[in-house]
Amino acid sequence: MRVNTALSYILLTVLAVLFLLPVCVILTNSLMSGFEISNRFGAFVTPENFYSSVGAAHFAQISLIPDSVTLTQYFDLLFGSAEYIGKFWNSVLLAAPIVAGQIVVSAPAAYAFEMSRFKFKEIIYFIYIVIMLVPLQVSLVPNYIMAQLLTINGTRLAIILPGMASPFGVFLIRQHMKNLPRDYVEAAQIDGAGHLRVLILIVTPLFKPAVAALFMLSFIENWNLVEQPVIFLRDIAMEPLSVYLSQIDGSLIFAASCFYMLPAVLIFLYGQEYMVEGIQLSGIK
Amino acid sequence: MKTRARSEILFLFFALPSLTGMLLFFVAPLGVSLYLAVVDNALTYRFVGFQNFKNVMESEVFRLALKNTGLFMAICVPANMLFPLFAAILLRKAGARKGLFGMFLLLPLVIPSGSMAFFWRSLFGLNGAVNGTFFPDAPVHWLNTGWSRVIITGVFIWKNAGFNIVLYLAGLALIPREYYECAALEGAGRFRQFLQITMVYIIPTSFLVFIMSVINSFKAFKEIYLIAGAYPHHSIYLLQHYIYNQFTSLDYQKLSAASYILMAITIGIVVFMFRFQRRLSENFS
């Protein structure tokens, strides 16, 4: 028994190191000077070099510990050029409206789906589920067609509007509602509370964990947008940092990577339990 | 009766933003897309039946993409089930440290893929650290060989295992402790307990994890696109790449036909699994 526990600790430690190491490397390398980065990753300075076979003698030298610790990467990132900040802002301009809009659109809809006695609601809900299940590339086709028809193609709205309407939010919150005791709502209704009051006074507090879970999952998803920007936004000026980061390999890359993961990591550290709950709810049974 | 009707109207009002969004960006344009899939081109709109589907199915590139997607799923889905199950079992033994280890294993889930792209390239590129450390004399272009499949699977699991770990942890928590105590009393060893209790009672969760893994496996496009671009090595050229590249050439007929094929495959798998699960649980109860 004891040996078993010790062994599982050792294995877990190994796994944890494997999972954390890549993130740690990025974190510590963001504290290297630009000079040290080009020394270590010189072979990667341009993407062309990456595919050439000439530079094969110079290999990237990944190290967890910087020769000297400095904040110059961050300094250059924040004050050196407006480019990274601009791309970061582009990411915010996509993720923030989608996440906020998705919550505002989904929560009342989920409530309606759960409470309504409309005969065909489950059929409509089934369509939601089907669209939620299809791969992203498939649902991008209708999104694209509609963006063309509405002449919003090439603008952020082409990504934001379908993102807000995504069925996942309705699904997640309704899954949560199914676990709630109905008695609360019925008791309040018998007491003469109208639907709006029931919604505001009783359902909203019960909704909180579900909304927090949706916020977490939706933010992580939309902070990591790749497909939509490359398909809908042809204008480089609107490109989010998620896409831009994969195209650059200058001396700022690690600081930029850290800078970009920071909001996601902070939100994760703050609301990990909500994320876990969200994942558990997102399983279809 | 009157209040009933009135609340139904209120529910409709609640659901309206979501319903409108779904109709506008998903359902209606999916209809348009089906129409585009059965006409000859965007000028004459002549009905050609399944001709476009046939053309797509007969194209070499599509077949390659289909084969690769199948192979990728065949590697990725089981790996992304076995490893999380293993990790979840270990985590349950960790007792007080469970939260900390769990957090480490979940962290990659929130790291934006773009933040990691440079790191993975500097690890597995021709000039990468893996070659530098192990094969300095005969460097292998890992991402440009069949190995890319293994690397992408590894990167994918690193990023997404946390999702399934959470699902498995919830599933394992549902198995009553008494079963193990009972089995231990009757002299069953640890291994037999694992085989005859854990592995049996985790089956319902595993169905769920399987379905979620199939759906999530399509997210691998992000990683492949960010690490290897729109035209990666032919062994990791997936259906998502095919659809993405149809976007660039804007061939609506191929785009629509291909996306319907991909949709049919996904939904086919999910429906099959649900049927299979139902039959299984009927036989056992």
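Residues numbered from 1 in each chain as written. Chains lettered and ligands numbered in written order. Predicted model: local features only at pLDDT ≥ 70, side-chain atom pairs only at ≥ 80, totals over all residues.

Regarding its fold elements, chain A presents 14 helices and zero strands. Taken from the N to the C terminus, the helices and strands of chain A come in the order α-α-α-α-α-α-α-α-α-α-α-α-α-α. The proportion of buried residues among the 285 residues of chain A is 45%. In chain A, the share of contacts with a sequence separation of at least 24, taken over all contacts with a separation of at least 6, comes to 80%. (Helix = DSSP H or I, 4+ residues; strand = E, 2+ residues; numbered from the N terminus. Buried ≥ 20, exposed ≤ 12 C-beta atoms within 10 Å, placed from the backbone. Contact = placed C-beta atoms within 7 Å.)

Attention now moves to the overall build of chain B. If you tally the helices and strands in chain B, you get 13 helices and zero strands. When the helices and strands of chain B are read in sequence order from the N terminus, they spell out α-α-α-α-α-α-α-α-α-α-α-α-α. Whereas a compact globule of 285 residues would reach a radius of gyration of roughly 19 Å, chain B reaches 24 Å, over 25% beyond that. Within chain B, the fraction of its 285 residues that count as buried is 43%. In chain B, once contacts between residues fewer than 6 apart in sequence are set aside, the share between residues at least 24 apart is 70%. (Rg over C-alpha atoms; globule rule 2.2 N^0.38 Å.)

This part covers the confidence of the model for chain B. Per-residue pLDDT for chain B has a mean of 88; in total, 99% of the residues score no lower than 70. For this predicted complex, the interface confidence comes out at an ipTM of 0.89, alongside a pTM of 0.89. (pLDDT = per-residue confidence, 0-100.)

The next thing to look at is the nonpolar core. Grouped together as the largest cluster of nonpolar side chains are 162 residues, with contacts concentrated most on A:Ile173, A:Ala213, A:Ala256, B:Ile224 and B:Ala258. For this core, the element with the highest residue contribution is helix α14 (residues 253–281) of chain A, accounting for 15 residues. Apart from the residues lying within four places of it in its own chain, the contact partners of A:Ala213 are A:Leu172, A:Tyr274, A:Met275, A:Glu277, A:Gly278 and A:Leu281. (Core = buried A, V, L, I, M, F, W, Y, C linked by C-beta atoms within 7 Å.)

Residue and element names in this part refer to chain B. Between helix α7 (residues 147–173) and helix α10 (residues 203–217), the least distance of the axes is 10 Å, while the angle of their chain directions is 165°. The angle between α7 and α10 falls in the class roughly antiparallel. When the axes of α7 and α10 are compared, the crossing they make is right-handed. Touching Asn160, Phe163, Asn164, Leu167, Tyr168 and Gly171 of α7 are Thr205, Leu208, Val209, Met212, Ser213 and Asn216, all from α10. Considered class by class, the residues forming the contact of α7 with α10 number six nonpolar, six polar and no charged. (Axes fitted to C-alpha atoms, helices over the stretch in contact; angles between N-to-C directions. Parallel < 35°, antiparallel > 145°, perpendicular 65-115°, else oblique. Left-handed = near helix turned anticlockwise from the far one by under 90°. Nonpolar A, V, L, I, M, F, W, Y, C, P; charged D, E, K, R; others polar.)

Residue and element names in this part refer to chain A. Structurally, Phe254 is set in helix α14. Remark: the alpha-carbon pair of Phe254 and Ser30, spanning 224 residues in sequence, is separated by 4.6 Å. When neighbours within four sequence positions are excluded, Phe254 is seen to be in contact with Ile26, Asn29, Ser30 and Gln73.

A few words now on the interface of chain B and chain A. Across the contact, 79 residues belong to chain B and 85 residues belong to chain A. Element by element, the count of residues in the side of chain B that touches chain A is highest for helix α1 (residues 2–37) of chain B, at 18 residues. Across the side of chain B that touches chain A, the residue classes break down as 58 nonpolar, 17 polar and four charged.

All names here are of chain A. Mean pLDDT over chain A works out to 85, with 89% of the residues at or above the 70 mark. Per-element confidence in chain A is highest for helix α8 (residues 157–165), whose mean pLDDT is 95, and lowest for helix α3 (residues 47–51), whose mean pLDDT is 46. Contacts for the low-pLDDT stretch residues 45–56, under 50 throughout, to residues beyond four places or in other chains number 17 contacts.

Residue and element names in this part refer to chain B. We note that Tyr45 has phi near 50°; this positive angle belongs to a residue other than glycine. One can find Tyr45 in the loop between α1 and α2 (51–58). Phi at Leu250 takes a positive value of approximately 50°, unusual for a residue other than glycine. Its place among the elements puts Leu250 in the loop between α12 (239–249) and α13 (252–284). We classify Leu250 as exposed; it has 11 C-beta atoms within 10 Å.

All names here are of chain B. At a minimum axis separation of 7 Å, helix α3 (residues 60–93) and α7 run at an interaxial angle of 45°. Taken together, the axis directions place α3 and α7 in an arrangement best described as oblique. With respect to the hand of their crossing, α3 and α7 are arranged in right-handed fashion. Taken together, the residues of the contact of α3 with α7 sort by class into 19 nonpolar, four polar and two charged.

Residues and elements named next belong to chain B. Every buried residue of α2 is accounted for by Asn52, Phe53 and Val56. In a view along the axis of α2, the buried residues occupy a sector of 100°, so they form one face of it. Turned more than 90 degrees off the buried face of α2, the exposed positions are Lys54 and Glu58. (Arc of directions from axis to C-beta.)

Checked against the element boundaries, A:Ser68 lands in the loop between α3 and α4 (72–80). Expressed as a C-alpha distance, the spacing of A:Ser68 and A:Ala165, which sit 97 residues apart in the sequence, is 49 Å.

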